[in-house]
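Close look at the chain arrangement
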Amino acid sequence: MKSLLPTRWRRVRYPLAAALCILTTLGAFPLREFLDLANIVMLFLLMVFGTAVWFGRGPAVMAAFLAVALVDFFFVPPHLSFAVADAQYLVTFAVMLAVGLITSNLAALLAERSEQAQLREHETRILFELARDLGSALTLGQVADITQHFRESIDLDATLLVADGLAAKPSFQEFGHHRLTELEQNIARSAYLSNTIAETDSLASKDAAIAFLPLNAPTHVRGVLAVMPRTDDISSVRLHRPLLESVALLVAIIIERLHYADAARHSELQVAAERLRTSILSSLSHDLRTPLTSLVGLADVLVQRQPALPEDAVETAGIIRDQAHAMHHLLSNLLDMARLQAGQITLNKAWQPFDEIVGSSTRLLKTLLANRTLEIDLARDLPLVHFDAVLLERVVCNLLENAAKYSEDGARIEVQAHTRAAWLEVAVCNDGCGFPEERMKQVFEPFVRGTREPAVAGTGMGLAICKSIVEAHGGMIGAENRPGGACVRFTLPLGTPPSMEEEGRP
Amino acid sequence: MSEAKARVIIVEDEPKIRRFVCDALHREGCACIETGTARQGLDAAARGNVDLVILDLGLPDMSGLEFIRDLRTWSPVPILILSARSAEQDKVAALDAGADDYLSKPVGVGELLARVRALLRRHWQSHEAKPQHKFGDVEVDLSRRIVSRGGVELHLTQIEYRLLAVMLANSGKVMTHRRLMQEVWGPGHGEQGHYLRIYVGRLRQKLEMDPALPQHLLTETGIGYRFQS
């Protein structure tokens, strides 16, 4: 119950009210010869009314009783005694008391209401300013600063805890002057997870009493607002509770807005980066391939020239041509690797027999495999498998190239394919030095080489590309050493091939 | 062979590639007409007296596809496309639009001339009937519908026979999956590409020495098949 008195005078309300009664008595006493009793009663009623307005309900009630007593004692015959000469004065007293109590009640109520209205208006104004300031906040730091500023205007301290991500056990970013203890952090966490307001009072923790309000945004709880009074009085927090809940909601909404703005910015960046990467890849692709094409072709023209150039010139031209070819191969690998890593390769899958890939790959690498013994072992009646022919041909070619590179003349290279449960299993094995044991796990990573010798040309991308392609098909790839050589195996899922109607008897 | 008088137009915007192609063609005694844009290429073809057009798919002023469609409305001249590797879909579209064969860049002189020769040969012999074919140890007589291997007559189903006949009729030339499906099964079988694969596999089983390493019924990965005798 408040009054219009400044705070420090509040304790002396009752004495002051009593003093006012006495003052009124002293003031009216000399006038009792000239004024009617009714008018004196009015003066006292006025005093009681004033007491109600200035000192509040309690002192006003006391003043009402005191007024009746004083009027009785000093102004009603017989004077200076509480006895009453005429019984109708009792009615006067009763009415005076009643009026005094009623008016004091009403006045006090009015004063209270007015004060509450002012408080509400003050709070609303604060909320409005907070909302306006938060509306233009661009970072979490700014949000924290704004809430701090707001806090100070209603005499509370606040720490803003913003959850990192949406995990079940979130960690919080803290913004605020007051560092939370571990107990307080745990309470904050439980308030966040259960999405209910938690309060501690000074009995539970050594520090000031704290209220934890979860920041409940439309899609998800975004964190916790920990509010503590500057004094030890938790009641000030309770008093402002509705206001704090609105603030928590506002802050939650703003944090959510910032989160989505961030996410949108991030996606825009990603899209722009993608676009840039695609255009770089395409122009690199064209700009690097064109000179290589002319190099290969023109060097070959020199080699094939009739009448022939001198032998050493022909040989040199041949080397130039082969090197240009190798560069082109390398470039293709690099660009494919870049595209695979960027997730830009779309699979052009079709149901087809795997045998075709074996046939076309071996044909493409005819020269490279010329000095190796090729053994093809494909199970009979292999079903159709769903895959991208061009990409799988790359895989088999890369594996065959590796097998040829890491083996001697005359060595065996085996290609096997058979089904096992729901998978097609393919193995490319060769006699040779095998993979270095200590690096078995890394051979499928880009730029890891199989041997330490620089004599074997290549950049170590073949297996990495194979891995990307096989995995993009939902299969798995692995390497192992076997006595006298090495094997690379990969699997492809079988699925259900489409059926085929057989022809009728011709 | 009368390539000595063959006139070949090269439509390619990169001058060094034009140079290499023309050098190779001159070696074969062919006349080489260089054009740098699609427009120039079409104009050169319109002047007539052309035996082959070598077209690069990556032209700046017009897509290769448009060029082919345009040319095909008024000329049956063979078209050989040059395209980067891993642009299979572009090649298939070009072949379906009317191109006759393709080469992947970078290409050597030998490969280029082999394709050119094959295309010129077909072009000049297109009016000649060819009922007899021989490859490996297989003999085919299309007029009597007899296919024999090592002297022993083989039995082929209707579709197998038709497929073989179509491939032989286009010997040396790449045939896209789609084209083969259309010629053997008829239009409206676009979604059933697996039929073609299975039948080619069966033909290989019956006709090739090593079906896993075919020498005649060749796979052009991502594009189609090619018969080579």
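The structure displayed is predicted, hence computed values, not measured ones. (Residues numbered from 1 in each chain as written. Chains lettered and ligands numbered in written order. Predicted model: local features only at pLDDT ≥ 70, side-chain atom pairs only at ≥ 80, totals over all residues. Heavy atoms only, no water.)

Describing the overall build of chain B
Across its full length, chain B holds eight helices and twelve strands. Buried positions account for 52% of the 229 residues belonging to chain B. Considering only contacts within chain B whose residues lie at least 6 apart along the sequence, 60% involve residues at least 24 apart. In the form shown here, chain B has an accessible surface area of approximately 10200 Å², with 48% of it arising from carbon and sulfur atoms. (Helix = DSSP H or I, 4+ residues; strand = E, 2+ residues; numbered from the N terminus. Buried < 20%, exposed > 50% of the residue type's maximum accessible area, 1.4 Å probe, protein only. Contact = heavy atoms within 4.5 Å. Areas by Shrake-Rupley, 256 points an atom, 1.4 Å probe, with all protein chains shown as cover.)

Section: the interface of chain B and chain A
Tallying the contact residues gives 41 residues for chain B and 40 residues for chain A. Here chain B and chain A share an interface that buries about 3400 Å² over both sides, 61% of which is from carbon and sulfur atoms. Taken together, the connections running from chain B to chain A amount to eight residue pairs in polar contact (both at pLDDT 80 or more). At the level of secondary structure, the elements contributing two or more residues to the side of chain B that touches chain A comprise α1 (15–27), α4 (88–97), α5 (109–125), α6 (158–169), α8 (193–207) and β11 (217–220) of chain B. Of the residues forming the side of chain B that touches chain A, the biggest block, eight residues, is contributed by α8(B). For the side of chain B that touches chain A, the per-class residue count stands at 17 nonpolar, 13 polar and eleven charged. (Buried area = accessible area lost by both parts, 1.4 Å probe. Polar contact = N/O pair within 3.5 Å; in protein donor to acceptor, adjacent residues only side chain to side chain. Nonpolar A, V, L, I, M, F, W, Y, C, P; charged D, E, K, R; others polar.)

What to know about the packing of helix α5 (residues 140–153) of chain A against helix α8 (residues 241–304) of chain A
All names here are of chain A. One way to put it is that α5 packs onto α8 with a least axis distance of 10 Å and a crossing angle of 165°. Classed by the angle they form, the pair α5 and α8 counts as roughly antiparallel. Where α5 crosses over α8, the handedness of that crossing is right-handed. Residues Leu 140, Val 143, Thr 147, Phe 150 and Arg 151 of α5 form the contact with α8, whose own contacting residues are Leu 243, Leu 244, Val 247, Val 251, Ile 254, Ile 255 and Leu 258. Of the residues assigned to the contact of α5 with α8, the class counts are ten nonpolar, one polar and one charged. (Axes fitted to C-alpha atoms, helices over the stretch in contact; angles between N-to-C directions. Parallel < 35°, antiparallel > 145°, perpendicular 65-115°, else oblique. Left-handed = near helix turned anticlockwise from the far one by under 90°.)

As for the sheet that holds strand β12 (residues 485–493) of chain A
Residue and element names in this part refer to chain A. Spatial ordering of the open sheet is given by β7-β9-β10-β12-β11, a layout of five strands whose pairing is mixed. Each of the sheet's edge strands pairs with one partner strand only, and the pair in question is β7 (373–378) and β11 (477–482). Taking the axes of each pair of neighbouring strands and ignoring which way they run, one obtains an average angle of 15° across the sheet. Packing of helix α10 (residues 355–364) onto the sheet brings it into contact with β7 and β9 (412–420), and relative to β7 it is tilted by some 170°. Those strands touched by helix α11 (residues 389–405) are β9, β10 (423–431) and β12, and its axis lies near 170° from that of β12. (Pairing = 2+ DSSP bridges.)

Things to note about the confidence of the model for chain B
In this model, chain B carries an average pLDDT of 89, and 97% of its residues clear a pLDDT of 70 or more. The ipTM value of the predicted complex is 0.88, and its pTM value is 0.65. (pLDDT = per-residue confidence, 0-100.)

What to know about the packing of aromatic side chains
Within this structure, the stated rule accounts for nine aromatic pairs over all chains. Ring geometry for A:Phe29 and A:Phe75: centres 6.2 Å apart, planes at 65°, overall edge-to-face. Of the two residues, A:Phe29 is situated in the loop between α1 (13–28) and α2 (37–55) and A:Phe75 in helix α3 (residues 57–75); the sequence distance between them amounts to 46 residues. A ring pair is formed by B:Phe135 and B:Phe227, whose centres lie 4.8 Å apart and whose planes are at 80°; its orientation type is edge-to-face. Taken together, the residues span a long stretch of sequence, with B:Phe135 in strand β6 (residues 132–135) and B:Phe227 in strand β12 (residues 224–227) at a distance of 92 residues. Three or more aromatic residues joined by ring pairs make a cluster, and in this case those are A:Phe29, A:Phe44, A:Phe73, A:Phe74 and A:Phe75. In this structure, B:Arg202 is placed above the aromatic ring of B:Tyr199, and the distance from its NZ or CZ to the ring centre is 5.0 Å. (Phe/Tyr/Trp six-rings, centres within 6.5 Å; stacked < 30°, edge-to-face > 60°. Lys NZ or Arg CZ within 6 Å of the ring centre and 35° of its normal.)

Quick look at α4(B)
By the burial criterion, the buried members of α4(B) are B:Glu88, B:Lys91, B:Ala94 and B:Leu95. For α4(B), the arc enclosing every buried residue in end-on projection is 125°, short of the 170-degree limit, so these residues lie on one face. Its buried side turned inward, α4(B) meets α11 of chain A together with α3 (64–72), β4 (79–84), β5 (101–105) and β10 (174–176) of chain B. In the stretch just after α4(B), B:Gly98 is the one whose phi turns positive, near 135°. (Arc of directions from axis to C-beta.)

A look at the nonpolar core
Residues and elements named next belong to chain A. The biggest cluster of nonpolar side chains holds 45 residues, and the ones touching the most others in it are Phe 354, Phe 387, Leu 399, Leu 400, Leu 424 and Phe 490. For this core, the secondary-structure elements that each account for two or more residues are α9 (311–341), α10, β8 (385–388), α11, β9, β10, α12 (462–472) and β12. One finds Ile 146, Ile 154, Val 162 and Phe 175 within the second-largest nonpolar core, a separate group that totals 31 residues. (Core = buried A, V, L, I, M, F, W, Y, C linked by side-chain atoms within 4.5 Å.)

Points about the pattern of salt bridges
All names here are of chain A. If you walk through the whole model with that rule in mind, you get 39 salt bridges over all chains. Close ionic contact of Arg 125 with Glu 129 constitutes a salt bridge, the shortest N to O distance being 3.6 Å. Linking Arg 125 with Glu 129, this pair stays in helix α4 (residues 88–135), spanning four residues, or about one helical turn. Residue class for Arg 125 comes out partly exposed when judged on its relative accessible area of 45%. Here Arg 394 and Asp 336 are joined by a salt bridge, their closest N and O atoms 2.4 Å apart. Highlighted residues: Arg 394 in helix α11 and Asp 336 in helix α9, separated in sequence by 58 residues. For Arg 394, a relative accessible area of 9% corresponds to the buried category. A residue is classified by how much of its surface remains accessible, and Asp 336, at 7% relative accessible area, is buried. If you follow the salt bridges from partner to partner, you end up with Arg 412, Glu 414, Asp 431 and Arg 482 in one network. (Salt bridge = Lys/Arg side-chain N within 4 Å of Asp/Glu carboxyl O.)

Describing the sheet that holds strand β5 (residues 221–229) of chain A
Residue and element names in this part refer to chain A. Strand order in the open sheet formed by five strands is β2-β1-β5-β4-β3, with antiparallel pairing between adjacent strands. A strand with exactly one partner marks an edge of an open sheet, and here the two such strands are β2 (172–175) and β3 (198–199). Two strands pair when backbone bridges link them, and β3 and strand β4 (residues 211–216) are joined in this way by two bridges, in the antiparallel orientation. Bridging across to β4, Ala 198 finds its partner in Phe 212. The strands touched by α5 are β1 (156–163), β2 and β5; relative to β1, the strand with the most contacts, the crossing angle is about 160°.

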